[in-house]
Amino acid sequence: MMRPGAKQYVVARPLYSEESFSEEHEKVYRQRKTMVDHVKQYFTCDVKRAKNAALSLLPFIGWMKIYRLKEWLLSDLVSGVSTGLVAVLQGLAYCLLASLPPWYGLFSAFFPVIIYFFLGTSRHISVGPFPVLCLMIGSVVTRLVPDEGPPANITGFEGLTRDEQRVLVASSVTFLAGIMQLAMGVMQVGFVVMYLSDTLVSGFTTAAAIHILVSQLKFVLGLQVPGISGPLAIIYTLEIIFNKITSTNVCDVVISLVIMVVVFIVKELNDRFKSKLPVPVPIEVIMTVIACGVSYAFDFKTKYGIDVVGFIPKGYEPPMAPNIPIFQETAVEAFPMAIVGFAVAFSVAKVYSVKHDYTIDGNQELIAFGVSNIFGASFKSFAASTALSRSAVQESTGGKTQIAGLLSAIIVMIVTLAIGFLLEPLPKSVLGAVVIVNLKGMLMQFRDVPYLWRRDKPDCVVWLGTCIASIFLGLDLGLAAGLGVELLSVVLRAQFPRCSVLANIKGTDIYKDRKDYINICEPEGVKIFRIPSPIFFANIEFFRNKLVEAVGFNPLRVLRKRNKALRMIRKLLKKGDLQWTSKGFLSTSCGPIKESEDESNMEELDLPTDFRDLPTRIDWNAELPANIVVPRVDVHSLILDFAAVSFLDISALKGLKTALKELIRVEVQVYIVACDPYILEKLHDCSFFDDEIQPSMFFLTLHDAMLHILELHPESTGNKSNYEKIITTVTVHHPGNLRSRDRHTPDPETKF
């Protein structure tokens, strides 16, 4: 019963099949472009297109034209200085993850930023070293140039020190990753990042945080631990650390603990009082300066034997060509680096673009990072992306555009050219402690697991699979494994969808799963089957099995039984053991009639039943002569709801046609409703229809098909008025801004 005051609508219109609707309503003809047309359009050039291309390739022109000098410049200055100080510290710290001399991290915080200023579409991310990428580079570096033993046999390593070899490897793999990013951007395949779901990225970065934590223990504890790469590297590293735990440098441990505790507390206070603080307290920078001064004053290196940053050369090194043999050795690792670097940066950029109401272009971001990495690698920097904490500093301190990023690069340049020597006494344990504290956000993603398990178990499996695989197999293989688990979960969801049998909600044109509601109506002999996914080669058999389950019988088995029964009836008529009378068939045989075991011409059993040479048509639901038994079929109509079917492939089309023919041959009328026009067009193009399967079985809506069935089979329901209650009139008001395809202006009100 309708509650008082509830909104209602009633509609009076003809009952539509797809054919009748097409006859009554003319469609707009749209000429589809061919591949040649798309190619011609892509290579067509005019003044407007050239201008748009220039603005697309150089996005900084767009925001520079609207730059508010008086309002934004001061904010960008403050943000640039704050971000620059953090970038210096993170450049030194994250460089340890890449197993390179610390000052090369300053190069990665400078060169890519300059290129991104011109080519990037995000105004708020801070480009530079990203710990996960640094760790991935470090695994490649230690594989080709291990801490112990000879380096790999690569042309170009001759005459180079171990650090120079490592720098060559890091810059070469960065160059290759940049080429891959640039190629993907030019080919407009920025959509590939969509295959990395938030769940997968969360599991992957959590595993990366654990790898980073383990890799920094050697600096925090002051131990000499060789770099290990490959599957189970984290286990071997922990084994070495535990074996050497008695050699821990107490001074390094104390310094690290003090740094971690102070930085953690101040960061928490920054988060709690961020609305009241004009800028976050740069506690990492402050503690680094203090630690550097104390280390210099008390000569920690000599007295306590701690490892310090050491000599930092002034200025930049000349550009260097990449090493081609290294490309061949690192191609497999370079691709996941390119994907991860872009995916993380793009996801962060997307957050800030939504917050500040501007658009970003995934393909242009690929181009920007590709060129940034190629340019940076030429000057011995390693792969750049964005660090979440650094981008948060740039945005929270008031940064409006990439001018803040450019100013942060200038701060890094000043340190590199003039005051880098002041950081020489800085203990590496301080850098390790800073890295560990900044892992808090990634490690806290473990809290996602209970939530995912309660809300979406397949997503939880993806998270756990990616995280565990990345921890034990390494980040490159772990990412591949996680992607495999994710795609498998998608395939399984599509391959085994939750099919349902629908029923009518009384007095409405609404149909819901009959298991979910009490007050429903199911007309006798009618089944409504819904499959909520595309139908393709992988799930067509599942679809057919579920369809058999829904109707309650196997149509092929019933058809074969019926044809066998017809064979028997014909044989008995021919022998005279069965006669046709006015009262029906009469058995004249005295003895029992044995069922024929003739299995010849089995293919004929799958053909439609043929009554031409019989005196009458057989009623299969009545009692058959000569004790012949055939499975009873109580369903006379089947409606297939295709509202959620987005596509059919050729395998599914063949399987669907076979299933429909089997049902039709056992006298079940099949109707398909809410079919997508493009699927219907494909069925016509693929010669789906024949004498048995006809276009008239397609109806516009589920309720249209149900009303049609009730007209043909009025005995199916004892209360047809439940279905006819909705047939009345509704008035639709046309808003003035709606576009009309009709040349004539419609009346203000239209009744239908």
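Residues numbered from 1 in each chain as written. Predicted model: local features only at pLDDT ≥ 70, side-chain atom pairs only at ≥ 80, totals over all residues. Heavy atoms only, no water.

Caption draft 1: Region of interest: the overall build of the chain. The number of helices and strands found in the chain is 29 helices and 13 strands. Expected size for 752 residues packed as a compact globule is a radius of gyration near 27 Å; at 36 Å, the chain overshoots this value by more than 25%. Dimensions of the chain, computed from C-alpha atoms along their principal axes, come out at roughly 120 × 70 × 55 Å. Within the chain, buried positions represent 48% of all 752 residues. A separation threshold of at least 6 residues defines the contact pool for the chain, and within that pool the share at least 24 residues apart is 79%. Here the chain holds 74 positive side-chain charges and 72 negative ones, and the gap between their average locations is 4 Å. (Helix = DSSP H or I, 4+ residues; strand = E, 2+ residues; numbered from the N terminus. Rg over C-alpha atoms; globule rule 2.2 N^0.38 Å. Buried < 20%, exposed > 50% of the residue type's maximum accessible area, 1.4 Å probe, protein only. Contact = heavy atoms within 4.5 Å. Lys, Arg positive; Asp, Glu negative; His and termini not counted. Charge placed at Lys NZ, Arg CZ, Asp CG, Glu CD.)

Caption draft 2: Looking closely at the nonpolar core. Formed by 116 residues in total, the largest nonpolar core has its most connected members in Ile125, Val132 and Ile259. Here this core takes 15 residues from helix H15 (residues 324-356), the largest share from any one element. Setting aside chain neighbours within four positions, we find Ile259 in contact with Met287, Ala291, Val430, Ala433 and Val434. Judged by nonpolar contacts, the second largest core, of 40 residues, contains Ala550, Val645, Leu683 and Phe688. (Core = buried A, V, L, I, M, F, W, Y, C linked by side-chain atoms within 4.5 Å.)

Caption draft 3: Layout of the pattern of salt bridges. For the structure shown, the criterion picks out 24 salt bridges. The salt bridge partner of Arg166 is Asp147, with a shortest N-O separation of 2.5 Å. Placement of the pair is Arg166 in helix H9 (residues 162-186) and Asp147 in the loop between helix H8 (131-144) and H9, with a sequence separation of 19 residues. Judged by relative accessible area, which is 4%, Arg166 ranks as buried. (Salt bridge = Lys/Arg side-chain N within 4 Å of Asp/Glu carboxyl O.)

Caption draft 4: The arrangement of the environment of Thr121 in detail. As for its position among the elements, Thr121 is in the loop between helix H7 (111-119) and strand E1 (127-128). Discounting residues that sit within four places of it in the chain, Thr121 has contacts with Pro59, Tyr116, Tyr358, Thr359, Ile360, Asp361, Gln364 and Glu365. A distance of 3.4 Å separates the side chain of Thr121 from the backbone nitrogen of Asp361, its partner in a polar contact. Polar contacts involving the side chain of Thr121 include one to the side chain of Glu365, which spans 2.6 Å. (Polar contact = N/O pair within 3.5 Å; in protein donor to acceptor, adjacent residues only side chain to side chain.)

Caption draft 5: Inspection of the side chain of Ser172 at higher detail. Summarising the element assignment, Ser172 is placed in helix H9. Ignoring sequence-local partners within four residues, the contact set of Ser172 consists of Pro322, Asn323, Ile326 and Phe327.

Caption draft 6: Structural detail: a nonpolar patch on the surface. Taken together, Val261, Phe264, Ile265, Leu269, Phe273, Leu277, Val281, Ile286, Ile290, Val294 and Phe298 make up a surface patch of nonpolar side chains, about 880 Å² in accessible area. Elements with a minimum of two residues in the nonpolar patch: helix H12 (250-272) and helix H13 (283-298). Along the polypeptide, Ile290 turns up in helix H13. (Patch = residues over 30% accessible without salt bridge, like charges linked within 9 Å, V, L, I, M, F, W, Y side chains within 5 Å. Areas by Shrake-Rupley, 256 points an atom, 1.4 Å probe, with all protein chains shown as cover.)

Caption draft 7: Quick look at the packing of H9 against helix H16 (residues 362-378). At their nearest, the axes of H9 and H16 sit 7 Å apart, and the two run at 155° to each other. Classified by the interaxial angle, the pair formed by H9 and H16 is roughly antiparallel. Helix-helix and strand crossings are classified by hand; for H9 and H16 the assignment is left-handed. Where H9 approaches H16, its residues Ser171, Thr174, Phe175, Gly178, Ile179, Gln181, Leu182, Met184, Gly185 and Val186 are matched on the opposing element by Asn363, Leu366, Ile367, Phe369, Gly370, Val371, Asn373, Ile374, Ala377 and Ser378. Considering only residue class, the contact of H9 with H16 consists of 11 nonpolar, nine polar and no charged. (Axes fitted to C-alpha atoms, helices over the stretch in contact; angles between N-to-C directions. Parallel < 35°, antiparallel > 145°, perpendicular 65-115°, else oblique. Left-handed = near helix turned anticlockwise from the far one by under 90°. Nonpolar A, V, L, I, M, F, W, Y, C, P; charged D, E, K, R; others polar.)

Caption draft 8: Just empty space enclosed by the protein, in detail. For the coordinates displayed, the defined rule picks out two cavities of 30 Å³ or more. In this model, the largest cavity occupies a volume close to 40 Å³. Secondary-structure elements contributing two or more residues to the lining of the largest cavity are helix H10 (198-221) and H15. For the lining of the largest cavity, the per-class residue count stands at eight nonpolar, no polar and no charged. Here the second largest cavity defines a volume of roughly 40 Å³. Around the second largest cavity sit Met136, Ser139, Val140, Glu333, Pro336, Met337 and Asp476, which together line it. Contributions of two or more residues to the lining of the second largest cavity are made by H8 and H15. The residue makeup of the lining of the second largest cavity, split by class, is four nonpolar, one polar and two charged. (1 Å grid on protein atoms, 1.4 Å probe; cavity = no way out; pocket = protein on both sides within 12 Å on 5 of 7 lines; lining within 4 Å. Points joined across faces, edges and corners; volume = space filled by probe spheres on them.)

Caption draft 9: Layout of the packing of aromatic side chains. The final tally for this structure, using the stated rule, is 29 aromatic pairs. Centroid distance Tyr16 to Phe21: 5.1 Å. Interplanar angle 90°. Geometry classified as edge-to-face. The class of Phe21 is partly exposed, set by a relative accessible area of 28%. Measuring from ring centre to ring centre gives 5.9 Å for Phe60 and Phe117, while their planes differ by 35°; the resulting arrangement is tilted. (Phe/Tyr/Trp six-rings, centres within 6.5 Å; stacked < 30°, edge-to-face > 60°.)

Caption draft 10: Representation of the environment of Gln90. One can find Gln90 in helix H5 (residues 69-97). Separated by 41 residues in the primary sequence, Gln90 and Pro131 place their C-alpha atoms 9.0 Å from one another. In this structure, Gln90 is in contact with Cys95, Ala387, Ser389, Arg390 and Asn438, ignoring residues within four places of it in sequence.

Caption draft 11: Quick look at H7. For H7, the buried fraction is high: seven of the nine residues fall into the buried class. Listing the buried residues of H7 in full gives Phe111, Pro112, Val113, Ile115, Tyr116, Phe117 and Leu119. Where H7 is buried, its residues touch helix H3 (47-57), helix H4 (60-65), helix H6 (104-108), E1, H16 and helix H18 (403-419).

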